[in-house]
Structure formats: structure tokens, C-alpha cells
Amino acid sequence: MTVVVSSTEKNPVVPTARSLGQGLPFFQRRTVREGIWIGALTALVTFGSFLLLFPVYFMIVTSLKTQGASFLLPMKWLPGIQYVPQWENYGEALRFMKWQTAYTNTMVVAVLSMAGDVVSAVLVAYGFARFRAPGKNLLFGLVLSTLMVPQIVRLVPEYLGFSRLGMSNTFWPLILPAWFGSAYNIFLLRQFFTTIPIEMDQSAQIDGAGPMRVLWDVLLPQIRPALAVVLIGSFTYNWNDFFRPLIYINSPSLRTAALSLSAFQAVYGGTPFHLLMAASLVNIIPLVVLFFTLQRYFIQGIVVTGVKG
Amino acid sequence: MVAVASTPSVRATPAKRRRWRARDFQGWLWASPWILGFVLWTLGPMLWSLYLAFTRYSIIRAPIWVGLDNFQRAFEGGDSLFWPSLGRTFTWALVMVPLSLLGSLLTALMLNQGLRGTAILRTLFFIPSLTPAVALAVLWRWIYQPDFGALNYLLREIGVTAPPAWLADASYAMPSLMVMTLWGAVGGGTMLIFLAGLQGISQELYEAAEIDGAGRLARFRNVTLPLLTPTIFFNLIIGVIAALRTFTTAFVATGGGPNYATWFYILHLYQTAFQNFELGYASALAWIFFVIVICLTLANLRLSRRWVYYEGEEAI
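Here the structure is a predicted model, which means the values were calculated and not measured. (Residues numbered from 1 in each chain as written. Chains lettered and ligands numbered in written order. Predicted model: local features only at pLDDT ≥ 70, side-chain atom pairs only at ≥ 80, totals over all residues. Heavy atoms only, no water.)

S.K.: Give me the lowdown on the overall build of chain A, citing residues and values where you can.
M.R.: When helices and strands are tallied, chain A shows 15 helices and zero strands. A total of 309 residues make up chain A; the buried ones form 48% of that total. When contacts within chain A are restricted to residue pairs at least 6 apart in sequence, long-range pairs at least 24 apart make up 72% of them. In the form shown here, chain A has an accessible surface area of approximately 14600 Å², with 68% of it arising from carbon and sulfur atoms. (Helix = DSSP H or I, 4+ residues; strand = E, 2+ residues; numbered from the N terminus. Buried < 20%, exposed > 50% of the residue type's maximum accessible area, 1.4 Å probe, protein only. Contact = heavy atoms within 4.5 Å. Areas by Shrake-Rupley, 256 points an atom, 1.4 Å probe, with all protein chains shown as cover.)

Here's what the structure looks like:
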């Protein structure tokens, strides 16, 4: 990738007629090289997205086939041309998974957990990045160590604990842990806090800002991309989480979407792949919308380099 | 620090003794949600499983204390799958961590060049990691299927007469799993975190470097890379832990086979605990794993002082 450029870049100072390329051989002109670079990148990115999106295309194609035709060979790739698209699969899939109940539940769990994840991780990460505490490094090591405990180890005792509290078959076991901070998010936000020069805190403190004020006005605006990562990651995780709802939720009225998706297996005497794919596609739409909305925070140059007076 | 005239401290021993003031404990206050959560959800289970590691326990009857038996069984060959599964897991991590870090960094850099339609492209790249695992498992099994799978169909078209059986062949199963995992990793969470890290690098530094005559490669090496080290460090630590914990992919795609070719450590742990119900031995396996990963992470933290650059505070 980089080879294209590095070889010819000799001494490009502030743009002058010469550095812009007049009088240079064609391929050494700045504008031309810039064009080649952008062209190559675009080609590469487009190719990459085709490769990555192939499975999604496969899902779409399968979701529009009839029962039993999903894996018939040779594969038919063009709905509407090679076969009649069965749009009613979507209605059937949604009715089968009782989508109003499933998505109301999932929304409640995912939104409340996400809120907890963000609030707790911001506070704790701020503490680790900016405040003194005896044994802080040891404590941070402990935070990291919880990342290493296999989930399987915690499962049984955690389940027994929540049942003893009378919380099984409620949303509490799915939401409550998020409010105590997850090691992953704490570590992530701490890394981003530490990239901000401490002088910025100090000058705000001189102006009389308290710790909360420093966090809110100085630090958080600068780590917006990382906050977006936490929001997206937490929401996606809770939206798709299958394991914990499986263990804690029994009543059909409390089922989340991930649970209802798994109910497609072993019905109709075998998994109805066309319905499973249709339901899975519907399931990722909210996630795609969320990502698309938040991705505008991944734009260079929003970083504030001074402290508000 | 502002010198405050003799505030009464916790220990009133005068002079030499270091005085703790309330502000020295502020860190604990901020961290308190996590500490509370740790005590509530994690500490108990961990201690319970540590105790179980020294017992024989199969749920039906109360645990029986057996001392170090479980550890001896693991280390001294009483469990013929222990060492191979550990070795396999390390091989996996050694290959996957560098490849997925490099792949997702390159993707993040490409998606950060301000190409037209970047918002759409980023979303497209991220979609695979939003796709439910069930749908992906179905898809990849179909691609790798030896007789009528998409991959072998293509290979036969271009003249390969006897293409391998991929997931069903002991010597190809591992590489096949690697490709499949890399596919999901390149545009996923790691890439997103790199992308977030790239946003923190001030544009002025690039402009300054450009004025000094730095080409694209030099700008990358001298501006982007050093300022991205905290992010790389995060992804490295998380990547190592995640690679060693690999479970779902193998569980769904191969079930550990064929002939134990993809039998990873956590798969072994899962099998021991929830298929054979040897919870005592499984706890010992979990703690062995825990200690190994902690040592690796500590080594990583130590090494990080040499290469991670923090603007806000010195490294831990």
C-alpha cells in the first residue's frame, strides 16, 4: 500500500508550483500520486467489503427461498431472476418468534445494560487514570484478571447467587451486573483517558473546576470515539447475548430475541433455514442503524486542544 | 500537589511517616462500583472454584478433599488431552494475535482516509460482526463442505482434482478455523477500537510532519504509530486473552474434531465440567489456565513500559 508513495516523496514543502507537480514527470506529480493513492485505496476497500459482505448476501438470498430449497444445488443466487422471492417468509418468521414481546424485552434489557456499562465504566476508568489510591496498580491488575476468568467458572455460583436473591426469571441478572463496571470497558476507557495530557485537567482545576466538571467538560468530549465503541459494543453484546437469558429466563413472556431466534431450530422437523435467516436479518437492522448513527464520532479533528475558559 | 498545613491524618505518627490524606483515597472512591461488583459477583465464585480445584466433585454428592490430585492428574499424564490441548491453544494464539491485530489495523487505516462514502463503508465492514453466530456457523459449514461446498466447487472448477476436506480433515481443520475467525476479526471490534484511537491523534501533528517533509510512510511511523501505542497495547492484551479463551468457533464449527485436531483448552474444560461432570478437576483446569494467562498478561504489562507512550500518565 505504502510503496506507491514513499519512493517518490522527496521534499514536499508548502505547496508551490513545483511541489504541486508542474514541470515534474507525470507520475511524480503530487496531484497524480494523490489520485493513484485514492484510486488504489477505493479499489481495495470495495473489494474487501465485497468479501466481507458475501455471507450477508447469502443470508438474504436464503431468506427469500421456500422451505427446503435453501441448500438445493446448484445454488441459486439471484432472487427474482432464478426464483420467485418469498417475501412472506419475513412475516412468518416474525410471527413465529412473537416479535412484539421478544423485541420489547430485548430493548429493555439492552438499553438499561448499556446505560449501566457506560456510566460505571466512565467513573471507574476516570478513577484509575487520574486519581491516587494506595495499591492502585494491584487493584488494576485485579480488574484485568477478571477478564481472564473463563465464563464457565463463574456460571454456576452466579446462578445460585441470583436464585437465592429471588431474581431468577426476571431481567435483574441480565441488567444489574452491567452497573458495576465491566473490566473490558474500564480498561478501554482508561487507555483513552491516559492519552489526554494531564495539563488539561490541571488548567481546568486552576479555573476552579471540580473532578466531575473536569470529567464532563474536559475529558469526555475528547474520548467520544471510545464512548461510541463502548455504546456499540455493549448494546450489541446485550442484544445478541444468548447464554445468560437462556440460563435465567423461563417464562415465554420474558424471552429476549436471541432466545426466540434459537427456537427456530428443531421445529417443522428440522431447522427452517429460510425463516432463521429472515429473522436473523431483521435482528441486525437495529444494530446497523445504531452503528451508522454513532460512526460519525469516528471523525478526525473533533479533538479539542484547549481548555474552555 | 498543594502542601496543606498539618491536616489530621489517619496515622498520627509525626514527621517521617508518610501521611495519607483523604484525597489519596479518591481513586478507591471512583473505583468503588467495580470493587463492589467484584465482591458481589466475582470473588465468591472464584474462591468457590479454587476450593473445588482441590476436591473431587460431581454435583450429586458433596465435594471430597483430594489435595493436589487434580493438578497431578493434569501435569503428570493422567489426562492425555491436557498438554496437547494447551499446546494447540498456544499455537492458535501465536498465529491469530499478530494476524488479527495487523489485519484490523490495516482496515482501520483504510477506513480512516476520508474516502467518499466512508460512513457506508465502515458500516458494511462492521456488519459481519453483528451477524448472529448461528447464521455464520451454518454459512461456513456450507462453504467448507467437502463434497458440495462452495470452496471445493470453485477448486474443482479451476482443475484441482482432489481438494481437501477442510474442517473434516485433521490437518486442514485448524487453518480452516483460522481463516474463518480472521474473516470475522478484520472488520470487528478490534478494528473499531483502532479507529477510535486514530481519532485522538491531532491533525496538527500530521500537518507539522508534512511541512517537515515527512512522506506518508514516515508520518505513519513517527506520528500515528507512537500515538496509537496505548490502543495497540489494549488490543494486544485483549487479543491474547481472547485467543487463549477460544471456544465458541471450535465448539460450533467442529466440536473439537476431527480426531481432536481443534480440541482447545477451554473446550477441554467445558467437556470436563459439563459433559463428564468432573467439576473438581475442571476447576483445577480453570485455575491452571488462570495462572498461565495472568503470567502472560503481567509479562505484557512489564514489556509495555518499553514501547507504550502515554501522554497523560506514566504506564502502570
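S.K.: Lay out the pattern of salt bridges in plain terms, naming residues and giving numbers.
M.R.: Residue and element names in this part refer to chain A. This structure, assessed with the given rule, holds four salt bridges over all chains. The salt bridge involving Arg 130 is made with Asp 201; its shortest N-O contact spans 2.7 Å. In this pair, Arg 130 is assigned in helix α5 (residues 99-130) and Asp 201 in helix α10 (residues 198-206), connecting sequence segments 71 residues apart. Accessibility expressed as a relative area gives 12% for Arg 130, which makes it buried. The exposure class assigned to Asp 201 is buried, which follows from its relative accessible area of 4%. Note that Arg 213 and Asp 217 form a salt bridge whose closest N and O atoms lie 2.4 Å from each other. Placement of both Arg 213 and Asp 217 in helix α11 (residues 211-219) is noted, with a separation of four residues, approximately one turn of the helix. (Salt bridge = Lys/Arg side-chain N within 4 Å of Asp/Glu carboxyl O.)

S.K.: Report on the interface of chain B and chain A, specifying residues and quantitative values.
M.R.: Taken together, the contact pairs 92 residues of chain B with 106 residues of chain A. Both sides together, the interface formed by chain B and chain A hides about 9000 Å², and carbon and sulfur atoms give 75% of it. For the chain B face of the interface with chain A, the top three residues by lost area are Trp 30, Trp 34 and Trp 41 of chain B, together amounting to 10%. Applying the counting criterion to the chain B and chain A interface returns zero salt bridges. Applying the counting criterion to the chain B and chain A interface returns five residue pairs in polar contact (both at pLDDT 80 or more). Of all elements in the fold, only α1 (26-52), α4 (118-126), α5 (133-144), α8 (189-199), α9 (203-211), α10 (216-244), α12 (265-275) and α13 (279-307) of chain B reach the threshold of two or more residues within the side of chain B that touches chain A. Taken together, the residues of the side of chain B that touches chain A sort by class into 64 nonpolar, 18 polar and 10 charged. (Buried area = accessible area lost by both parts, 1.4 Å probe. Polar contact = N/O pair within 3.5 Å; in protein donor to acceptor, adjacent residues only side chain to side chain. Nonpolar A, V, L, I, M, F, W, Y, C, P; charged D, E, K, R; others polar.)

S.K.: Account for the side chain of Asp 241 of chain A, with residues named and values stated.
M.R.: Locating Asp 241 of chain A in the fold gives a position in the loop between α12 (224-240) and α13 (243-248). Owing to a relative accessible area of 9%, Asp 241 of chain A belongs among the buried residues under this scheme.

S.K.: Any chance you could break down the domain arrangement of chain A for me, citing the residues and the numbers?
M.R.: All names here are of chain A. Domain boundaries in chain A define domain 1 (17-92) and domain 2 (97-308). Contacts between the two partners involve 14 residues from domain 1 and, on the opposite side, 10 residues from domain 2. Together domain 1 and domain 2 conceal approximately 1100 Å² of surface at their shared face, both sides included; 75% is due to carbon and sulfur atoms. Three residues, Met 59, Gln 67 and Glu 92, lead the burial of domain 1 against domain 2; their summed loss comes to 45% of the area buried on that side. Counting every contact that joins domain 1 to domain 2 gives zero salt bridges. When contributions to the side of domain 1 that touches domain 2 are tallied by element, the ones reaching two or more residues are α3 (30-63) and α4 (88-96). Looking at side-chain class alone, the side of domain 1 that touches domain 2 contains six nonpolar, six polar and two charged residues. (Domains from an automatic or database assignment.)

S.K.: So what's going on with the packing of aromatic side chains? Which residues, and what values?
M.R.: Residue and element names in this part refer to chain B. As enumerated under the stated definition, the model contains 38 aromatic pairs over all chains in all. Between Phe 247 and Tyr 270, the aromatic rings sit 5.3 Å apart at their centres with planes inclined by 55°, giving tilted as the arrangement. Of this pair, Phe 247 sits in the loop between α10 and α11 (248-253) while Tyr 270 is found in helix α12, placing the two residues 23 residues apart along the sequence. Grouping residues by exposure puts Phe 247 and Tyr 270 together as buried. Residues Phe 251 and Tyr 270 carry aromatic rings whose centres are separated by 5.2 Å and whose planes lie at 75° to one another, so their mutual orientation is edge-to-face. (Phe/Tyr/Trp six-rings, centres within 6.5 Å; stacked < 30°, edge-to-face > 60°.)

S.K.: Quick rundown of the packing of α4 of chain B against α8 of chain B? Include the residues and the values.
M.R.: When two helices pack together, their arrangement is given by the angle between the helix axes and by the axis-to-axis distance. Residue and element names in this part refer to chain B. One can describe the packing of α4 onto α8 by two numbers: an axis separation of 10 Å at closest approach and a directional angle of 150°. Here α8 runs roughly antiparallel to α4, going by the angle between their axes. Two packed elements cross with a definite hand, and for α4 against α8 that hand is left-handed. Contacts between α4 and α8 involve Arg 122, Phe 125 and Phe 126 on the former and, on the latter, Gly 189, Met 191, Leu 192, Leu 195 and Gln 199. Of the residues in the contact of α4 with α8, the class split is five nonpolar, two polar and one charged. (Axes fitted to C-alpha atoms, helices over the stretch in contact; angles between N-to-C directions. Parallel < 35°, antiparallel > 145°, perpendicular 65-115°, else oblique. Left-handed = near helix turned anticlockwise from the far one by under 90°.)

S.K.: Tell me about helix α3 (residues 82-110) of chain B, and name the residues and values.
M.R.: Taking 1.5 Å as the rise per residue, α3 of chain B with 29 residues should run 42 Å; its terminal C-alpha atoms sit 42 Å apart, in good agreement. At Met 96 of chain B, α3 of chain B shows its maximal bend, which comes to roughly 25°, and the proline Pro 98 of chain B appears one to four places after that position. (Expected span 1.5 Å × (residues − 1). Bend = angle between axes of the 7 residues up to and from the residue.)

S.K.: Would you mind going over the nonpolar core in detail, with residue names and values included?
M.R.: Residues and elements named next belong to chain A. Judged by nonpolar contacts, the single largest core of 168 residues is most densely connected at Leu 189, Phe 193 and Ile 223. Filtering out sequence-adjacent residues up to four positions away, Ile 223 remains in contact with Leu 189, Phe 192, Phe 193 and Ile 196. Formed by 11 residues, the second largest nonpolar core is a distinct cluster that contains Phe 171, Phe 180, Ile 249 and Leu 259. (Core = buried A, V, L, I, M, F, W, Y, C linked by side-chain atoms within 4.5 Å.)

S.K.: Got a sec to walk through a nonpolar patch on the surface? Specific residues and values, please.
M.R.: Taken together, the side chains of Val 39, Leu 43, Leu 47 and Leu 50 of chain B define a hydrophobic patch exposed on the protein surface, amounting to about 310 Å² of accessible area. Tracing the sequence through the fold places Leu 50 of chain B in helix α1. (Patch = residues over 30% accessible without salt bridge, like charges linked within 9 Å, V, L, I, M, F, W, Y side chains within 5 Å.)

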